[in-house]
Amino acid sequence: MPQASIGIIGGSGLYKMDALKDIEEVQVQTPFGSPSDALILGTLEGTRVAFLARHGRNHALLPSELPFRANIYAMKQLGVEYLISASAVGSLKAEAKPLDMVVPDQFIDRTKNRISTFFGEGIVAHITFGDPICQNLAAVLTDAIASLNLPEVTLHRSGTYVCMEGPAFSTKAESNLYRSWGATVIGMTNLPEAKLAREAEIAYATLALVTDYDCWHPDHDSVTVEMVIGNLLRNAVNAQKVIQETVRRLSENPPPSEAHSALKYAILTQLDKAPAATKEKLGLLLQKYF
Ligand SMILES: CSC[C@H]1O[C@H](OP(=O)(O)O)[C@H](O)[C@@H]1O
Ligand SMILES: Nc1ncnc2[nH]cnc12
């Protein structure tokens, strides 16, 4: 299996990374099925990275259909230690305008139908998740964004991302409820990924690209896919610059991450007495604790 220490998951509008060199397309199989698409390994800033189009390169998977476990497990199989997610989001605050970038530090879970753990079937673990984003990785990401001085883009260094089920966008009552909770942005994908990445001991951070004001803003039309894609395509060039600069900084100075030892005190089951089949299935996550 080829290896890459940095993973990138591209969301709506970001289906490839133009700057990747020496590309290798890898069909990864995992104990949790196939990922959303082939993983694209390539060299960026002298480092091997693994890129995955979250909804597939043809955007054929709904948020509720995403094979989150296979996607994260595939990254683990490739040796990924830092995972950057680029995602389209709606803004729940006037000051976060379309084309802005938010690096969230918190999530609120409004999903209904997602499998967000690798555990079960005889092995129980409870990860610590008070700080769901790796703050050291987020700091590298925010510093990279700030260093680029991108025109028209305001950086928001923190914020709360509401993860809803979808696929329909929110009602105005829901949108205003999330605003009353103080949330900053809304999307449909990043929370299950963040949970699974933590269980897989991969540092995870989100580059949230604002595409719309959802439906709460009296002076803006309610969100449409046309609006989202239009703005995200405008953002895609900037997002790729940010990812490239982040990869450069990470390769030069990979930060420590608490995520890298997230399972140390999380596993309650005595592994020597756990079912062999589950131990084998989770082998890659558990091997250092056997
Ligand atoms: C195309 S609008 C809704 C869609 O966009 C976001 O996707 P991603 O997080 O993968 O960039 C949002 O979560 C929805 O899946
Ligand atoms: N307004 C919105 N709600 C949920 N997901 C989104 N992705 C982009 N804009 C969104």
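- Per an unreviewed UniProt entry, the protein carries the name S-methyl-5'-thioadenosine phosphorylase and comes from Desmonostoc muscorum LEGE 12446.
- Quoted verbatim from the Pathway (unreviewed entry) field of UniProt, the annotation for the protein is "Amino-acid biosynthesis; L-methionine biosynthesis via salvage pathway; S-methyl-5-thio-alpha-D-ribose 1-phosphate from S-methyl-5'-thioadenosine (phosphorylase route): step 1/1."

Examining the site of ligand 1
Then, number 1: Ligand 1 sits among Gly11, Ser12, Arg54, His55, Pro63, Ser87, Ala88, Phe169, Gly187, Met188, Thr189 and Val228.
Then, number 2: Ser12 is positioned such that a nitrogen or oxygen atom in its side chain is 2.8 Å from an oxygen atom of ligand 1.
Then, number 3: At a separation of 2.8 Å, an oxygen atom of ligand 1 approaches a polar side-chain atom of Arg54.
Then, number 4: Split into classes, the residues belonging to the shell around ligand 1 amount to five nonpolar, six polar and one charged.

Some details on the nonpolar core
Then, number 1: Within the largest apolar cluster, 83 residues are counted, with the highest numbers of intra-cluster contacts made by Leu39, Ile72, Met75, Phe118, Leu207 and Ile243.
Then, number 2: With near-sequence residues (within four places) excluded, Ile243 lies in contact with Ile8, Leu14, Met17, Leu44, Ala86 and Leu207.
Then, number 3: Grouped together as the second largest cluster of nonpolar side chains are nine residues, Leu92, Val162, Met188 and Trp216 included.

Quick word on the UniProt feature "binding site: phosphate" (unreviewed entry) in the protein
Then, number 1: Sites flagged by UniProt as "binding site: phosphate" (unreviewed entry) map to Ser12, Arg54, His55, Ser87, Ala88 and Thr189. Spanning 178 residues, the annotated positions come together in the fold, the maximum distance between their C-alpha atoms being 12.2 Å.
Then, number 2: Mapped onto the elements of the fold, Arg54 is located in the loop between strand S4 (47-53) and helix H1 (68-77).
Then, number 3: Looking at the element boundaries, Ala88 is found in strand S5 (residues 82-91).
Then, number 4: When residues no more than four places from it in sequence are discounted, the contact partners of Ala88 are Ser12, Ile186, Gly187, Leu209, Thr211, Val228 and Leu232.

Topic: the pairing of strand S9 (residues 160-164)
Then, number 1: Most of S9 is tucked away: five of the five residues are buried.
Then, number 2: Of the two faces of S9, the one carrying Thr160, Val162 and Met164 and the one carrying Tyr161 and Cys163 are both buried.
Then, number 3: In the sheet, strand S7 (residues 106-110) pairs with S9 via five bridges, with the strands oriented parallel. Paired with Asp109 across the bridge in S9 is Cys163.
Then, number 4: For S9 and strand S10 (residues 185-187), the ladder comprises three bridges, and the chain directions are parallel. Opposite Cys163, over in S10, you have Gly187 as the bridge partner.

A word on the state of the cysteines
Then, number 1: Overall, the coordinates contain zero disulfides when judged by the stated rule.
Then, number 2: Looking at Cys163, it has no disulfide partner, and the nearest cysteine sulfur is the one in Cys215, 17 Å off.
Then, number 3: A relative accessible area of 0% places Cys163 in the buried class.
Then, number 4: Note on Cys215: relative accessible area 7%, which makes it buried.

Rules used throughout
- Residues numbered from 1 in each chain as written.
- Chains lettered and ligands numbered in written order.
- Predicted model: local features only at pLDDT ≥ 70, side-chain atom pairs only at ≥ 80, totals over all residues.
- Heavy atoms only, no water.
- UniProt positions renumbered as here; feature names shortened; annotations may be inferred.
- Near = heavy atom within 4 Å.
- Polar contact = N/O pair within 3.5 Å; in protein donor to acceptor, adjacent residues only side chain to side chain.
- Nonpolar A, V, L, I, M, F, W, Y, C, P; charged D, E, K, R; others polar.
- Core = buried A, V, L, I, M, F, W, Y, C linked by side-chain atoms within 4.5 Å.
- Buried < 20%, exposed > 50% of the residue type's maximum accessible area, 1.4 Å probe, protein only.
- Contact = heavy atoms within 4.5 Å.
- Helix = DSSP H or I, 4+ residues; strand = E, 2+ residues; numbered from the N terminus.
- Pairing = 2+ DSSP bridges.
- Disulfide = S-S within 2.5 Å.

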